[in-house]
Amino acid sequence: MMYVSTRGQGGEVTASQAILQGIASDGGLYLPKSIPLIDDAEWRQLCRMNYRQTALWVLSRFLTDYTPAQLEQCVAGAYNTQNFSGGIAPVVTLNNGVSMLELWHGPTSAFKDMALQLMPRLFVTAMDIRQDKRRAVVLVATSGDTGKAALDGFAGLPGTQVAVVYPADGVSAVQRRQMTTQQGDNVAVAAVDGNFDDAQTAVKRVFSDKVFNEELAQKNVFLSSANSINWGRLAPQIVYYIHACAEMQRQGLLEPEQQADICVPTGNFGNILAAYYAKRMGAPIGRLLCASNANNVLTDFIQTGQYDSNRAFYKTTSPSMDILISSNLERLLWLLSDGDGSYVASLMAQLAQTGRYEVSDVVRQKLADSFAAGWCDDDATRGEINEVWHRQHYLLDPHTTVAFHVARQLGDCAPLLVVSTASPFKFAPDVLRALGADVPNDEMQAIDALTALTGLSVPSGFKDLDKLPERFTTVLKKDGLEAWLRSGIL
Ligand SMILES: *Cc1c(COP(=O)(O)O)cnc(C)c1O
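Presented here is an overview of the structure given in this document. Just so it is clear, the structure is predicted and the values come from calculations on it, not from any experiment.

## Re the site of the ligand
And step 1. Taken together, 15 residues lie near the ligand, and K112, D145, G267, N268 and T421 sit nearest.
And step 2. G267 places a main-chain nitrogen or oxygen 2.7 Å from an oxygen atom of the ligand.
And step 3. F269 is positioned with one of its backbone polar atoms (N or O) 3.1 Å from an oxygen atom of the ligand.
And step 4. Contact with the protein chains hides 96% of the accessible area of the ligand, taken as 380 Å² for the molecule alone.

The structure is reproduced here in structure tokens:
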């Protein structure tokens, strides 16, 4: 299986090259030239597989220059009971018949672990396959969840170092502690004085600084990134949709001739795009319901075919979905235009110049065939958390709640799977507020209060967070990133 760029000018590369390179040379995103299909006999096999077997089956279709033994080693290292103590991606069905796909049983309690436990292993293996002897420095700017998941995924992996920067005034106390207490010799963390855009801009500047990158090359070092435009993060996400459909059939929630609607809380469009790949492969998936918070640019796009990022930006209680430019949408545009790279490139040029574009009637029709969309604001989110807790005795985090609410708006009689992307304990103050309880000022106390109120147990990753030493306390000026990299980890 070869990979091409969404913008049509990036040549053809293998899976390992796509994973090492991240972004294509024409500025587009890599994706497989074709989509492997599941036939009936294979589907029956998949229905008997556990998570790891499913992962191996799916990944071997996409990452064809990895050997089965290499994939097996990556999969076993990522998806085991040490990393995922509460099950890997369990499907839990509530008393109203809605099934939840819980993707937050990994070490950092958010769904980013599903990809970031595996992707670093795929990355290191790709260096083996390419016989690349350089050292990789993985540089990540994070607004919270990705940073910790990347640190945890890369910690201890040979030939790599991971450096994470977060906005000094942008992350919660729990998110900060999760990062600054990270163990391992090949990790480094610093705050950047400013907001997320400042951290992101600082990182982009380092990537595009030719002199600095040459200096690194002299030392046999190259910079890479772990963000969700890397195919190595997307491929692992296809696995859980296939596994969940099989699981729903096993549990009798989905009859053999039925299809499930899947509702996904969406930000960068990576997670829901993986669901679309699973559907195109032939998994029994009906409509994909795209759920947004008040930053509802995707709702408008799916309903009208017009993408317009020229609008107010809202800080919401579901911060990982506070995004106005969803990078992975570019891959969907390529798929819906039958791989028309120059068409995608022209839309992306319009987006860069004017902040907006409109798709053709053909593309809009295909979009409407597979997707529906809705959104919900913070008030409705709080109301829904409270209602679901009291009626279904199930505690939702704010991101998952947005999807739950939208699924109810858009739902018909098809079996429904709502994707649950974070543990409610990760957002304890907002969840407590939604339940009408007092909210302690200290976030660690909020976690304890939420346990006391609900009787649910705290995920293990949060238990000793306030007891571990904070190893990394550096606060960088906006232009201080290169000096920090030079002095510390290079
Ligand atoms: C990243 C994230 C999302 C959004 O996922 P995308 O792949 O960016 O659409 C939703 N919920 C949580 C908790 C997240 O961390």
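## Brief notes about the sheet that holds strand β7 (residues 160–167)
What links the strands of a sheet is backbone hydrogen bonding, and the strands pair in either a parallel or an antiparallel sense.
And step 1. Spatially, β9-β6-β7-β8-β16 is the arrangement adopted by the five strands of the open sheet, whose pairing is parallel. With partners counted over all chains shown, the strands left at the sheet margins are β9 (221–224) and β16 (475–476), one partner each.
And step 2. Pairing of strand β8 (residues 187–192) with β16, which is carried by two bridges, proceeds in the parallel orientation. Counterpart to A191 in the pairing with β16 is V475.

## Here's the deal with helix α11 (residues 231–250)
And step 1. Helix length check: α11, at 20 residues, gives a terminal C-alpha distance of 30 Å against a target of 28 Å (1.5 Å per residue), a fit within 8%.
And step 2. For α11, the tally of buried residues reaches 19 of 20 residues, placing the bulk of the element in the interior.
And step 3. Between a side-chain oxygen at the N-terminus of α11 and the backbone nitrogen of G232 the separation is 2.7 Å; the capping residue is N230.
And step 4. Note on α11: the residue one or two positions beyond its end, G252, has a positive phi of about 75 degrees.

## Thoughts on the packing of aromatic side chains
And step 1. According to the stated counting rule, one finds 14 aromatic pairs in the structure shown.
And step 2. Ring geometry for Y276 versus F371: centroids 5.5 Å apart, planes at 35 degrees, classification tilted. Pair noted here: Y276 is in helix α12 (residues 270–281) and F371 is in strand β14 (residues 371–375), with a separation of 95 residues, a long-range link.
And step 3. Here F301 and Y307 contribute two aromatic rings whose centre-to-centre distance is 5.8 Å and whose plane-to-plane angle is 65 degrees, an arrangement assigned as edge-to-face.
And step 4. Residue classification places F301 among the buried positions, given a relative accessible area of 1%.
And step 5. Feature note: the residues Y3, F62, W231 and Y277 constitute an aromatic cluster, connected by ring pairs.
And step 6. One Lys or Arg, R61, reaches over the ring of W57 and ends 3.8 Å from the middle of that ring.
And step 7. The positively charged end of R134 is found above the aromatic ring belonging to F222, 4.1 Å away from the centroid.

Conventions adopted
Residues numbered from 1 in each chain as written. Predicted model: local features only at pLDDT ≥ 70, side-chain atom pairs only at ≥ 80, totals over all residues. Heavy atoms only, no water. Near = heavy atom within 4 Å. Polar contact = N/O pair within 3.5 Å; in protein donor to acceptor, adjacent residues only side chain to side chain. Areas by Shrake-Rupley, 256 points an atom, 1.4 Å probe, with all protein chains shown as cover. Pairing = 2+ DSSP bridges. Helix = DSSP H or I, 4+ residues; strand = E, 2+ residues; numbered from the N terminus. Expected span 1.5 Å × (residues − 1). Buried < 20%, exposed > 50% of the residue type's maximum accessible area, 1.4 Å probe, protein only. Phe/Tyr/Trp six-rings, centres within 6.5 Å; stacked < 30°, edge-to-face > 60°. Lys NZ or Arg CZ within 6 Å of the ring centre and 35° of its normal.

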